[in-house]
Amino acid sequence: MNGAIICVVVFFVVSAVGGYYFQENRPKYLTAAVGDHVVFNCEIDFPQNFPIPYKLFWKRKGEVIYSWYDGRITEADDYVGRITLITKIPHPIYGMGSINLTSIRESDAGWFECRTLFPNRTPPWRNNGTWFHLTVSGGNLLAIPPLNKTVLEGAEVEFTCLTKDYEIKVKWFKDGIELSEYHDLLTRSWVTKDNTLVIRPTDSGDTGEYECEASNYEGERQTARAYLNVQYKAKVVYAPPEIHLPFGRPAILDCNYRSNPPLTNLRWDKDGFLFDPYNIQGVFYRRNGSLYISKVDETHNGVYTCTPYNDLGTAGPSTNMHVIVQKPPVFVTTPHNLYLRKLGETVEMTCDARDGEDGHKPIIVWYKKDGTTLPVGRYFIKDGNLTIMDIQTKDRGIYQCSATNKAATITVETELLVENVPSSAPYNLSAVSSATTVHLTWLVNRQRINVDFSVWYKEKDTNEWKTYSVTNTQNMEATITNLNPGKAYEFMVMCKDDNEDGFFSKSITVWTKELEGEPEARFISKFPPVGYPRNVTVHPTEGGLLVSWQKPEYGLEFLKWYIVRWTKGSDDYFFGSADTINTSYLITNLSEGTEYDIQVVALSIDDQQSVSDKVKAILPGFKSLRAIATGIVAGLGFLAVAFVAVYYIKKKWFNSNPHITVKT
């Protein structure tokens, strides 16, 4: 009986111990080198996953080396400045109890424990402890690496880099550059016999990462890093004596300062008195302390100073900044919007400006918008005008003329086109649709070689574009298949030349037709597109080609107007178009005996296009026929007159000579 009881008790104890072990997190094994850093990832197991107040303890060999509670931190002597709490809010990778241990030493090898105490809960402990085992490797050269340091500007700082052997050589680096390259820092620093780096006095510019590199005669190397944080009072580093602000325009008044710790306040004074933007209309504080003036006027003239503050105080106000309100320059002459020239010709782009106030001439500068330089040796600027000689293909592009005075810079643009380099963007994109296909045609300015066309298309209500490469670039047409019936598609055509420049045509929206026997699709856009013009016919007349068509089957209430387009059948590069609200249009000024391709487009009020089928027509030579007919009539008339004249002369001659008889 007693033996049975003992067995039961032992089983219960073992079960309880086993349950405790499995509730704790399994140990984690980490490895780091001397002088390196390592992150101990510790999750906090809140009751029911609801955050409550807690105390964080990190232990080593049974003693607390780091603790955190409500922002208060304690550290053991050997770990001062070496442990940083990763975060106090949920982190996507690390738990809320995670720490970063820096400047690893050989003595850091061993077990670490993360524990959490909930002071407002009974019981205060939960089984959420996590064990870590750290293995320190690569410690053949360094014994004690440097530690992170935070000092006030002007104070002395030391970085220890203790080696295991005095014969080991040590070099010091700052931000990856050998210390000997920093001439100013060299005058304020030295290295002791035990390789400790001493800086006295420190400067704000000394902030950065310092690295000691140990090496021996066998070629082994080992490095360790530490960060120096130099703190100082907020101070102004630059204040221009004069600042010109543009009248009637927005402007920013900057205070150029440095601050570590971060800025807490910035004070502005104007003419010796506090300048508070909160009490001045149209003036606002920006996050960095700068003043934003929405519209500059004469009241903003004056002498300004700024004074930055942080937790350590301030180094004092800036020097006086004299703000002068000045009117920006005004263009007197601007270039044309477009200049078209041939290769080898010369172009002059005009540009002139005057100062907005006193008539002084501002500084005028010309440059290309894409950042390339003006053609060296082939241009000059005189009186603000840019002249480019011996124009070449690479001169095409957008040019900008800027006029600058002390207050502002104004800019105007113009474009230079070289005639034998046409625009690469296709145009006059047209489409004919069926239930599952759309046939596209387009035009370019003139025939070119070594170009590639591709069709970009997508359903109107989606964002994913698909592409179709056109294999034959001479026909300038393509058929897109496998489309859904009764859907709106958006199409664009891109032309890419030898320079790998790609230009898109304007996009058009085309509806595929419904399958026979299916009901009409419901329009999903705010303004449904109209149907395409039906039964397009062309009748030659003496005045030209009379194009007639029937109204679309649907969408007349959204019809904007019709567009009639025509091109020569043998030359797709010559075309014409006309807008009309009628269902017929007379195309005039056509060449007789020439075949034309004609299409009619129904344009909706939201500029969506529905294109009819293409119709071919030839304008007969009515004028030639009239000329031939007139010539024939004139010839017959001349013969009749001649016959009458001969008959009259002959009759008169016989009457005057009655004695003459005619023998038969």
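A word on the overall build of the protein
From N to C terminus, the protein includes 3 helices and 53 strands. Within the protein, residue pairs in contact and separated by at least 24 positions form 62% of the contacts whose partners lie at least 6 positions apart. Of the roughly 38300 Å² of accessible surface on the protein, a fraction of 54% belongs to carbon and sulfur atoms.

Topic: the environment of Thr150
If you trace the backbone, Thr150 turns up in strand S11 (residues 149–152). Residues contacting Thr150, with those up to four places away along its chain left out, are Asn229 and Gln231.

Some points on the state of the cysteines
Inspection of every chain in the model, using the stated rule, returns 4 disulfides. The disulfide partner of Cys255 is Cys306, and the S-S distance across this bridge is 2.0 Å. Measuring handedness by torsion sign, the sulfur bridge of Cys255 and Cys306 sits at about 75 degrees and is right-handed. Here Cys255 is found in the loop between strand S21 (251–253) and strand S22 (256–260), whereas its partner Cys306 is found in strand S27 (residues 302–310), with 51 residues between them in sequence. Classification of Cys255 by relative accessible area gives buried; the value is 7%. Residue classification places Cys306 among the buried residues on the basis of a relative accessible area of 1%. Sequential numbering of the bridged cysteines in the protein gives the disulfide pattern 1-2, 3-4, 5-6, 7-8.

Considerations on the nonpolar core
The biggest cluster of nonpolar side chains holds 46 residues, and the ones touching the most others in it are Phe40, Trp58, Leu101, Phe112, Leu134, Trp172 and Tyr210. No other element matches strand S19 (residues 221–238), which puts 4 residues into this core. For Trp172, the residues in contact, after removing those within four places along its chain, are Pro146, Phe159, Cys161, Glu178, Leu179, Val191, Asn195, Leu197, Tyr210, Glu211 and Cys212.

Some words on the sheet that holds strand S9 (residues 130–137)
Strand order in the open sheet formed by 6 strands is S1-S9-S8-S3-S4-S5, and the pairing between neighbours is mixed. Looking at which strands have only one partner, the edges of the open sheet turn out to be strand S1 (28–33) and strand S5 (72–75). Direction aside, the axes of adjacent strands within the sheet are offset by 20 degrees on average. Of the strand pairs in this sheet, strand S3 (residues 55–60) and strand S8 (residues 110–117) are connected by 5 bridges, and their pairing is antiparallel. When the bridges of S8 are listed, Phe57 appears paired with Arg115.

Some words on the pairing of S9
Only one face of S9 is buried: it carries Thr130, Phe132, Leu134 and Val136, and the other face, with Trp131, His133, Thr135 and Ser137, is open. As judged from the 6 bridges shared by S1 and S9, these two strands associate in the parallel manner. By the bridge assignment, Ala32 is partnered in S9 with Val136. Note that S8 and S9 share 5 bridges and pair antiparallel. Residue pairing for S9: Gly110 is matched across the bridge by Leu134.

Things to note about the packing of aromatic side chains
For the structure shown, the criterion picks out 17 aromatic pairs. Between Phe40 and Phe112, the aromatic rings sit 5.0 Å apart at their centres with planes inclined by 40 degrees, giving tilted as the arrangement. Linking Phe40 in strand S2 (residues 38–40) with Phe112 in strand S8, this pair joins segments that are 72 residues apart in sequence. Assigned by exposure class, Phe40 and Phe112 land together as buried.

Here's the deal with the confidence of the model for the protein
Low-pLDDT portions of the prediction should not be read for the details of their coordinates. With 84% of its residues at a pLDDT of at least 70, the protein reaches an overall mean of 82. Long-range and interchain partners of residues 1–24, a stretch whose pLDDT sits below 50, account for 8 contacts in this model, where long-range means more than four residues apart. Across residues 518–528, where pLDDT falls below 50, the model places 16 contacts with residues more than four positions away in sequence or in other chains.

Topic: the pattern of salt bridges
Evaluated as defined, the whole model comprises 18 salt bridges. In this structure, Glu213 engages Arg221 in a salt bridge whose closest nitrogen and oxygen atoms are separated by 3.0 Å. Residue class for Glu213 comes out buried when judged on its relative accessible area of 17%.

Description of the sheet that holds strand S28 (residues 321–326)
Taken together, the 5 strands give an open sheet; going across it, the order is S20-S28-S27-S23-S24, and neighbouring strands pair in mixed fashion. Each end of this open sheet is capped by a strand with a single partner; those strands are strand S20 (242–246) and strand S24 (273–274).

Here's the deal with unusual backbone geometry
At the junction of Arg200 and Pro201, the peptide bond is cis and its omega measures out at -5 degrees in the coordinates. Mapped onto the elements, Pro201 comes out in the loop between strand S17 (197–199) and strand S18 (208–215). Positive phi, close to 55 degrees, is recorded for Asp175, a residue that is not glycine. The topology assignment puts Asp175 in the loop between strand S14 (169–174) and strand S15 (177–178). Even without glycine at this site, Asn482 takes up a positive phi of about 60 degrees. Turning to its location among the elements, Asn482 is positioned in the loop between strand S42 (477–480) and strand S43 (488–496). Take Asn482: its relative accessible area is 72%, and that puts it in the exposed class.

Topic: the environment of Leu443
Assignment of secondary structure puts Leu443 in strand S39 (residues 438–443). For the pair formed by Leu443 and Ser430, sequence separation is 13 residues and the distance between their alpha carbons is 9.3 Å.

Here's the deal with a nonpolar patch on the surface
Judged by side-chain polarity, Ile632, Leu636, Phe638 and Leu639 come together as a nonpolar surface patch covering roughly 470 Å² of accessible area. Looking at the secondary structure, you find Leu639 in helix H3 (residues 622–656). Judged by relative accessible area, Leu639 falls into the exposed class, the value being 56%.

Focus on the side chain of Ser402
If you trace the backbone, Ser402 turns up in strand S36 (residues 397–404). Here Ser402 falls in the buried class, since its relative accessible area comes to 6%.

Side note on the side chain of Ser290
As for its position among the elements, Ser290 is in the loop between strand S25 (283–285) and strand S26 (291–293). Residue classification places Ser290 among the buried positions, given a relative accessible area of 1%. Ignoring anything within four residues of it in the chain, the contact list for Ser290 reads Ile252, Leu253, Asp254, Cys255, Phe284 and Tyr285.

Side note on the environment of Asp452
Structurally, Asp452 is set in strand S40 (residues 452–459). We classify Asp452 as exposed; its relative accessible area is 52%. Expressed as a C-alpha distance, the spacing of Asp452 and Thr471, which sit 19 residues apart in the sequence, is 8.2 Å.

What counts and what doesn't
- Residues numbered from 1 in each chain as written.
- Predicted model: local features only at pLDDT ≥ 70, side-chain atom pairs only at ≥ 80, totals over all residues.
- Heavy atoms only, no water.
- Helix = DSSP H or I, 4+ residues; strand = E, 2+ residues; numbered from the N terminus.
- Contact = heavy atoms within 4.5 Å.
- Areas by Shrake-Rupley, 256 points an atom, 1.4 Å probe, with all protein chains shown as cover.
- Disulfide = S-S within 2.5 Å.
- Buried < 20%, exposed > 50% of the residue type's maximum accessible area, 1.4 Å probe, protein only.
- Core = buried A, V, L, I, M, F, W, Y, C linked by side-chain atoms within 4.5 Å.
- Pairing = 2+ DSSP bridges.
- Axes fitted to C-alpha atoms, helices over the stretch in contact; angles between N-to-C directions.
- Phe/Tyr/Trp six-rings, centres within 6.5 Å; stacked < 30°, edge-to-face > 60°.
- pLDDT = per-residue confidence, 0-100.
- Salt bridge = Lys/Arg side-chain N within 4 Å of Asp/Glu carboxyl O.
- Patch = residues over 30% accessible without salt bridge, like charges linked within 9 Å, V, L, I, M, F, W, Y side chains within 5 Å.

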